[in-house]
Structures are given as C-alpha cells and as structure tokens.
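# Chains, contacts and geometry: an overview
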Amino acid sequence: MEVAAPKANHADMTPLRLTAITLSALATFIGVASAVPASAEVRVSRAELNGTQLRVEGTALPNRTITVNGVAMGASDGAGAYKVENSSFDHGTSCIIQVNDGSATSTPASLTG
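Fair warning: this is a prediction, and the values are worked out from it, not measured in the lab. (Residues numbered from 1 in each chain as written. Predicted model: local features only at pLDDT ≥ 70, side-chain atom pairs only at ≥ 80, totals over all residues. Heavy atoms only, no water.)

### Here's the deal with the side chain of Asp-101
Put simply, the rule is: Counting from the N terminus, the helices are DSSP H or I runs at least four residues long and the strands are E runs at least two residues long. For the purposes of these results, a polar contact is taken to be a pair of N or O atoms within 3.5 Å, where, inside protein, one atom must be able to donate a hydrogen and its partner to accept one; residues adjacent in sequence count only when each atom of the pair is a side-chain atom. Throughout, a contact is declared for two residues whenever any of their heavy atoms are within 4.5 Å.
With respect to the helices, strands and loops of the structure, Asp-101 is situated in the loop between strand 6 (96-100) and strand 7 (107-110). Engagement of the side chain of Asp-101 in a polar contact is seen with the side chain of Ser-103, the distance being 2.5 Å. What Asp-101 contacts, discounting residues up to four positions off in sequence, is Glu-41, Val-42, Ala-60, Leu-61, Arg-64, Thr-65 and Ile-66.

### As for the pattern of salt bridges
Rules: For salt bridges, the criterion is a side-chain nitrogen of Lys or Arg within 4 Å of an Asp or Glu carboxyl oxygen. For each residue, the accessible area found with a 1.4 Å probe, counting protein chains only, is set against the maximum for its type, and the residue is called buried under 20%, exposed over 50%, and partly exposed in between.
Overall, the coordinates contain 4 salt bridges when judged by the stated rule. Arg-55 serves as the salt-bridge partner of Glu-57, at 2.6 Å between the closest nitrogen and oxygen. Given a relative accessible area of 26%, Arg-55 falls into the partly exposed group. The structure contains a network of salt bridges with shared partners spanning Arg-46, Glu-48, Arg-55 and Glu-57.

### Some points on the nonpolar core
Heads up, the condition is: Working definition of a nonpolar core: buried Ala, Val, Leu, Ile, Met, Phe, Trp, Tyr and Cys residues. They are joined through side-chain atoms within 4.5 Å.
The biggest cluster of nonpolar side chains holds 16 residues, and the ones touching the most others in it are Leu-54, Phe-89 and Ile-97. When contributions to this core are tallied by element, the ones reaching two or more residues are strand 1 (43-50), strand 2 (53-59), strand 3 (65-68), strand 5 (81-86) and strand 6. Those residues in contact with Leu-54, other than ones at most four positions away along the chain, are Glu-48, Leu-49, Val-68, Met-73, Val-84, Glu-85, Asn-86, Phe-89, Ile-97 and Leu-111.

Printed below as a string of structure tokens:
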C-alpha cells in the first residue's frame, strides 16, 4: 500500500506559520546583507604633509588596520577614530593619498602643508 504525501494548500497557512516563514526570510536577508563589506567607510578629517612628516586623522570601521597608499600605518580604536603619523613618508609626485580600513574602496585625501 502506497501512502500519498499531503498536497500543499495555501488555506493551511495559519497566521503563525506565515509569520514564522516571514521572520526566517528576513533573518536570512539580514545575515547576507551584513556579510557584504561596506565600501569607503574611511573618513579623513586631516591629511597633512610637512616635509616628510605625514599626519592623517579621521574615522573608520572600529578596530581596523589603517593603510595609506597600501602601507599599514596604524589602527582605528574601538570607536573607529584613528590618527596615523609617519616621519619619513615619500608621497612621490602626487599630493593625493589613498586611505583604507580594509573596505572595498579606499578614500582619497588631498595633502595640505
């Protein structure tokens, strides 16, 4: 004797079951969305170069390595604030640096000084 599986009937969808399905889908969406890295999270409030003395300050994602032109120079604190200094910075021919905290996109900053 073969037993047939019950057929799905939308009338059997109780409000509680619909709520559970909706919450499950929402939780999945939030999990996927939060796994995508944010782009250009770095904000630069100061970018100075005096001779070879570089000073860059701003905010970024918390507890992240801060790079300038791809070179690690410091880290942001638990609130996201950072201040990096380098006494022998060679900017080459450009007065624009790229600051990053590991996000998908770096933030350009014009050097003053």
